Each structure stands twice: as structure tokens, then as C-alpha cells.
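The chain contents come next:
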Amino acid sequence: MEIQPILAALRKHKIPAALIVLEIALACAVLCNAVFMIGQRISEIHLPNAIDEQGVADIRVMGTDPKLATDDVPRNLAALRQIPGVTAAAVINTMPLTNNGWNSNVATQPQDVMEKDSPNVATYFFTSGGEQALGLRLLRGRFFTSEEFADSKLASNYIPTAHVMLITQSLADRLWPGQDALGKQVWVGKEIHFTVVGIIADVLRPNQNGEGLAAFHWAMFLPLSPGPGGFLNDYVVRTSPQDRARVIDAAKQKLAALSPNAVVRGISFTDVRDKFFATDRSMIWMLVLVCVVMLAVTAFGIVGLTSFWVGQRRRQIGIRRALGATRAHILQYFQTENFLLSTAGVATGMLLAFGINLYLMQHYQLDRMPWYYLPVSAIALWILGQLAVLGPALRAANVPPVVATRSV
Amino acid sequence: MFGYYIDLAWRSLKRTPVLTALMVLAIGLGIGASMTMITVLHVMTEDPLPGRSAHLYVPHLDPLPVTYQQPENAPEPNDSLTWPDAMALLRAHRATRQAAMAGGTLLVTPQRANLQPFDINGRYATSDFFAMFGVPFMAGSGWTAGDDVTHAHVVVLAESLARKLFGDANPVGQTVELGNNGSAPNEFRVIGVTRDWAPRPMFYEDSAGKPYSDADEFFLPLTASIDLKLDFNGNFMGWGRGSGESWRTSPRISWLQFWVQLDTPEQVKAYHQFLVDYSAEQKALGRFQRPATNAKLYSMMGWLAHENLVPDDVRLQFWLAIGFLGVAMLNIVALLLAKFLRRSSEISVRRAMGARKRDIFVQFGIESALIGVAGGLLGLGIAQIGLWSIRQRPDDYAHLASMDPSMLIGTVLLAIVASVLAGLLPAWRACRVPPALQLKTL
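Residues numbered from 1 in each chain as written. Chains lettered and ligands numbered in written order. Predicted model: local features only at pLDDT ≥ 70, side-chain atom pairs only at ≥ 80, totals over all residues. Heavy atoms only, no water.

A. Geometry of helix α11 (residues 344-352) of chain B. Among the residues of α11 of chain B, Ser344, Ile347, Ser348, Arg350 and Arg351 of chain B are the ones counted as buried. All buried residues of α11 of chain B lie within an arc of 165° about the axis, which places them on one face of the element. (Buried < 20%, exposed > 50% of the residue type's maximum accessible area, 1.4 Å probe, protein only. Helix = DSSP H or I, 4+ residues; strand = E, 2+ residues; numbered from the N terminus. Arc of directions from axis to C-beta.)

Following this line, the structure appears as C-alpha cells:
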């Protein structure tokens, strides 16, 4: 196919050509960024969380006397463990993805705790058996011993008096990149530190801290024995997925009977997760809708402009046909023309897409768009252009050669 | 002449129904998407207390030590006041009205036998709260400054809560058990019932709340809440080492919101000076370490901007919708161009019969406007569907998404302006068609 005559023809129709290029550029820029945002949210929704998500339920008791918690908690746990189907139960300060977070800045050296870039970490405290109740997966080291649970009370600074902690793999990598975190010290305040006794698979924190997806897995776990305070309200109950609904009902009834003045609520962890990501899910659907409609609108534009163009050049096509051009030649001509325009559009669009991405990175804490979005969206827009031009091009190819001899 | 142009435009549109439908659809989708997001942004940035907001201000002090490092994404501790500072500003009484407040979630233990205990959100405040914000009362009234001093156990309920607890009986004078901690129920005497009142956004809440869906169902004296050590909601930010006092009254923990009413510009200036003087005095006493000029006074709208309540998602969607409108407009330009230039022979005939360039331009301009009106009406429908779908979403602001009359008119106007603008280039191209050249081929 000769490109020279196409370029010459385009030069004579600057405005329609420029419009198609602009249209594709704008579509490419918006599309790249929208698809990128969709991808980011999907990966967020599917972030791994190394607890037994299918089997865990959270029963919360509110409104009991904080002074009596020392006696209430063991009594309630004993009652929960008696429910058929319950394999483990413990009390925890808060659950992942509940938006109720206990966060601390930590460091590997005491003087670094107050530094600006010290990682902000979610803190979980649970009572004996919490690792089974949650289904934590130990990667290295060990879980807590019964003495470590018994010796740990909540101090007035809201930090347990324990000396040991479990941390997630992601936090270990953040604090000691390339080193073994086992046995090292984590400082939570200038005077408070804990020894890492175990490294566990990544567990999500109660809420995202605005520090990007990497920080979503920064969590530490401390042992705690039931004591006065009244903040240990979340009973984690583990069961098999098929027993879960029945166990939640039974647990709610039992705990309500034990604390008649309290409010008892129960929720399965899968519901907690669905609730947490509900807004992201609705945002994804909205972005998908926008992309689809925008592609459709762009395609309409291309169809409209090309058909107008074909109509305008009926005589020219007729002459070419009369001079011996085959239908395939005419079809090819319009498709090459569209390919050239699309390429110009995609090239402009990529620059625009990167510009928008840079702006979003600065203002909305978005990550850098990976390079492969550009070829993918370029190919998508090429295909779209070729499909849009197909109808008008076929009509052009069907122009009979006699048109050339008429009315000249 | 105008009627004739409309008639011509109408005929022309009818002649190419598919192209016309495409254009109306494109503009409708563009307008619909952008109006949906503009409406959401509009309702989220509205003045929560029209008529009163211009006189409401937030004092902002800076008691943080020089060494304090603000964590990157954490709320600023200065956005709230410490107990000693809030009490000092209250006692100074330099504004027309002033109130300190904090949110709380408490368990209510109803006396009705068939009702289980439940939690409610409310606010601990000082007495000026009601008069300053103009909270509408149905029965009774708020408490007095005297009740603040005596730490009275009184409560004001919102209408919905009063109805839930007492049915149709008059709740004023009854007692409510709040913040039951298992052993000692706290009894509060009901002294007033407000109409359900929830300004949007909940401007007086701190950044831990959900400003587009939270509502306060009870109000009780801040002093009583301190006595009873009631739980509180919201940001609790501390710095430095404590010295054994209760966190609620610590000079190193900020947790209280503070609002003042200032009626004249002179008063505003004087109050700002007072804050600077107060900070200087505290600095001289060794409590504050930073420059006294760090003390600020925010107007209500300035405060809302400072708190940056509109979520990033909403802003992103807004820009996406605007980009989408741009794509749609570009399409209309393309389609109109195709349509107008296809009628080159018609234009030539009219030009040859004496039509001026201006006449052609006006005629095609009217045709574009007609498409704009149709697209605007379609866009209005699409925006309603869009808003409906947003109302189904789980976000905090979702229930606010609906249009007021000004937005309705705005939609149609935007559509017409967009399509006339989009029609300008094609109409200009069309009126430049030379008369003679086209006539020859007819």
C-alpha cells in the first residue's frame, strides 16, 4: 500500500483528520488511566489475608462493666468453646478490615520511633489461643507460650507489658530488608521494645493508612491476658464454613444470656471483608461503565466522520475503480488511512496519559502506571478504529466504477 | 426568520435520523455523566448552615513541642484543642458565643420492656452549642451555663430518639439511662427535644467521623461527661510525657472541637489577636513552644476546606466525567462537521440565492442548539439514573446525591452551551462553502 497518496489526501482534509486524531488521543489518555485505576482497585480487593477468612466470625459484646472484664472474658470464652462446631475462640482488640485501628509507629532503634519515616503499624493484642482462632500461619519462629500470655497485662499507655511479638512478613521485610527478623527488637516507644519471636504470613490491618498497598500488611501481634479495661470486646470464633451461620447465632444467644445488659453483635469475616471493599467494588463498576461508554462514543465518532469522508470522495473512488483498482484496494486504502490516524492519536494520547498519571500521582497517591498499559491500550484503539472504519470502507469499496463517468 | 431556521433545522435532523440519534446520544451521555458528578460535588461542598455560617469560626492553637514530627497521613493534633485551652477560651468569653464539644457513642438502656439496649451517637457540649448553631427545638430547651458549672446530669434528645424511647408521651422531665457500664447506670433528666438535625456536612465533627451520614441523637453537658468518664469518639492525639493526670484534662492531649460566633469583622480581628496574645502568654509560661503567630482563626467554609472533606474518589470521578464530556463534545464536532459539509450543495444554492454567510452560520448554529436541547433532556434523564445508582452505593455521601432545581436548569444549559460550542467550528466551515463551485456539479 502506498502511504504517500494517503498523506496527500489527509493534508487536504486537515480538520476531519485532526478531529479523529484528537478523539483517539483523548480516549487513549482517559482509558489508560481508568483501566489502571480499575486494576489497582481489583488488586486491592484481592489482597491476601493470612487468616482463616471462611471460618472466622467476630462476636462483639458492648456495654459490660470494664472492671469485671477479668472474670467476664474467661467465662464467655468457656461458653463459646462449648458450642458444637467451634474449634477455637479468643479475644482480640480489633479485627482486620473493621476500620477500628490501633496504630503505632515503630522502629528498629529507640531514637527512630518519632522519626517521620518510621513505619506506622497496626497493633493486634489477643488472648491465649488467638493464633488458632484466627488461623494465623507461622512462617518462622514460634507462637506465644502460655507464660507469655499470663505475664502480659495492658499498661496505662495502652500497650501490653509483654516482651515478645509476632510480625508479618511484610513488616519484617520493611524493618530489616534482606535480614532475618527473628530475635530482633521492635521499638514502640523510646523505652518500650519487644523481641520478635515469630514471623507470620501477611495479615491485613484494620484500615489502610494512606501509605499505599505495601503498608496494608504491616501488622504486629502481642499476647495479652484478660484484665480490667473493657476494650477487649471482640470474640474471635473459628468454625468450619458450613457451621458458621449456626455458630454465630448460638454464640450471640449465649453471650447475650451471660451479659443481659450488653449489646451483642455477630458477623462473619467474609461479610467484614465485603463491607470493607464495597465502595471499591462500586467504583470499579462505575469505571468499567465509563470506559465502555466512552469507547462506544469514540467509535460512533469515527464511523460518522469516515462515512462523511467516503461520501465526499465517491467520485474519486469511482475514478480509481475505473482505472483498475480492485475492491480490496479501496478497502485497504481506508483501513491504512485509519491506521495512520490511530497511530498519531495513540502517540499523542500516550503523552497525555502519562501527563495525567503524573498529576494523579502527585495529588491522589496513585502509583506510576506500568509501561505495558500503553501498548495494550494502543492495540485496543487500533482494533476499535479498524472496526469502526470497516462499515464505511466497505460502502466505499462497493462504489461502482461508472460513478466516475457520471456528471463530470 | 427564527421560526424558519428552526423549521429548516428540524427537517434536516429528520432527514438523517441515525446521525441525529448518535449525536443526541453522545451529548446526552457526556452531559449525564458530568452532571452526575458535578451534582455530587455540589451537594458535598454546600454550606451546611446557610445564613449562619458566615459568623462561625474555629480557633486553632499550636501547643505542640518544637520537636514534634507530624506523621505524614495522620490528622493534625492542632485541629482539636486540649481541655485546658478549651476551658481558657470559654472562660475568656471574648466571642458572642462559644462552645467546646466532642462526640460520643453511648449505650442507651430503655425503660420500655420490649426494647433491647442499643448504641447512639451524640455530642458532649457546653451550653452555647444550641444557640450558636441554631438547633431547632420541638419541646423544652438546651441547658444553661449554670448547668455546665454544676455538671448537671441533663440531656437533650433528638426527635427520632425521643420517639423511640418514649413513644408519643412527652419526654421532657423523664429520665434516660445512658452509658451504662454494667454496674452503675447513669441517669440523665431530659430537658429538651430537638427536631432531627444533621447539617451536611457535619461541620463540627472532627475528621474521624463520617460527615455526610453521621447525626447526633443526644446532647449532654461536656462537664458531666468528664465526671462520668463517658467514652468519646474521634481523634485523640497526644504528645510528650504525661504527668499522671486523666487524659481528658491533660494539657498534652487534644480531643475537643471548639467553635465561636463572631458577628462583625472587627470582632473577628479582635478574636484573632486574642488567640495570638493567648498563645504568647502560654509561650511565656513555658507551655507553648512555637511562635504565637501560629494561632489561626478559620471561617466555617475555610475550615471545611482545611478539613478537605470531599473524598479523593469523588474528585477523581469528577475529573473522569469532565474528560468524558470532552470526548463527547469532540464527537459532536466530528459528527456535525460530517453532517453540515455533506450539505454543501444545499448551502451553495442558498448562498447563490442571496443568503449571507451570517445567515448560514445562524441556521447551523440553531441546528446545533436543537441537538443540544434534545441531548440535554436525554442527559437529564441519564444524570437521574446516574444519581440513582450513586444513591445505591455504600458510600457515606451516597444518600445526598439528588438534584435541586438549579442543577436541573444547569444541566440543560450546559448541554446547549456544549453543543453550540461544538457546532461553532462545523457551522463556520459550512458558511465558508463557496457558492459557485458546488452549483456547477448539480
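We are not done yet, so read on.
B. Local environment of the environment of Asn308 of chain B. Residues and elements named next belong to chain B. Here Asn308 shows up in the loop between α9 (300-307) and α10 (312-342). Judged by its relative accessible area of 46%, Asn308 falls in the partly exposed class. With 80 residues separating them in the primary sequence, Asn308 and Leu228 have C-alpha atoms 34 Å apart.

C. Summary view of the pattern of salt bridges. Taken as a whole, this structure holds 17 salt bridges over all chains when the rule is applied. Asp280 of chain A is paired through a salt bridge with Arg41 of chain A; the nearest N and O atoms lie 3.1 Å apart. Of this pair, Asp280 of chain A sits in helix α9 (residues 278-312) while Arg41 of chain A sits in helix α2 (residues 14-45); the two residues are 239 residues apart in sequence, bridging distant segments of the chain. No difference in accessibility class separates Asp280 of chain A from Arg41 of chain A, as the two residues are buried. Across the salt bridge formed by Asp216 of chain B and Arg123 of chain B, the nearest N and O atoms sit 2.7 Å from each other. Of the two residues, Asp216 of chain B is situated in the loop between β8 (186-194) and β9 (218-221) and Arg123 of chain B in strand β4 (residues 118-125); the sequence distance between them amounts to 93 residues. Per residue, the accessibility class of Asp216 of chain B equals that of Arg123 of chain B, and both read buried. (Salt bridge = Lys/Arg side-chain N within 4 Å of Asp/Glu carboxyl O.)

D. Representation of the pairing of strand β6 (residues 154-158) of chain B. Residue and element names in this part refer to chain B. Where burial is concerned, most of β6 is hidden: five out of the five residues are buried. Side chains Val154, Val156 and Ala158 project from β6 onto one buried face, and the interleaved Val155 and Leu157 project onto a second face that is buried too. Pairing of β6 with β8 involves five bridges; the strand directions are parallel. Directly across from Val156, in β8, lies its bridge partner Gly192. Where β6 lies against β9, two bridges are found, and the strand directions are antiparallel. Residue Leu157 lies in a different strand from β9, and its bridge partner there is Phe218. (Pairing = 2+ DSSP bridges.)

E. View of the pairing of strand β8 (residues 193-200) of chain A. Residue and element names in this part refer to chain A. Buried residues dominate β8, accounting for six of its eight residues. As defined by bridge partners, strand β5 (residues 138-141) adjoins β8 across three bridges and the pair is classed as antiparallel. If you follow Arg140 over to β8, its bridge partner there is Ile199. The sheet contact formed by strand β6 (residues 164-168) and β8 spans five bridges and is parallel. Its bridge partner lying in β8, Leu166 is registered against Gly198. In terms of strand pairing, strand β7 (residues 185-187) meets β8 through three bridges, oriented antiparallel. Looking across to β8, one finds that Trp187 is bridged to His193.

F. Spotlight on the environment of Phe133 of chain B. Residues and elements named next belong to chain B. On the secondary structure map, Phe133 appears in helix α4 (residues 129-133). Taking relative accessible area as the criterion, Phe133 reaches 1% and is therefore assigned buried. The spatial distance from the C-alpha of Phe133 to the C-alpha of Tyr204 is 9.7 Å, given a sequence separation of 71 residues. Sequence-distant contacts of Phe133, defined by excluding residues within four places in its chain, comprise Leu49, Arg52, Leu56, Met101, Trp197, Phe203, Tyr204 and Trp259. (Contact = heavy atoms within 4.5 Å.)

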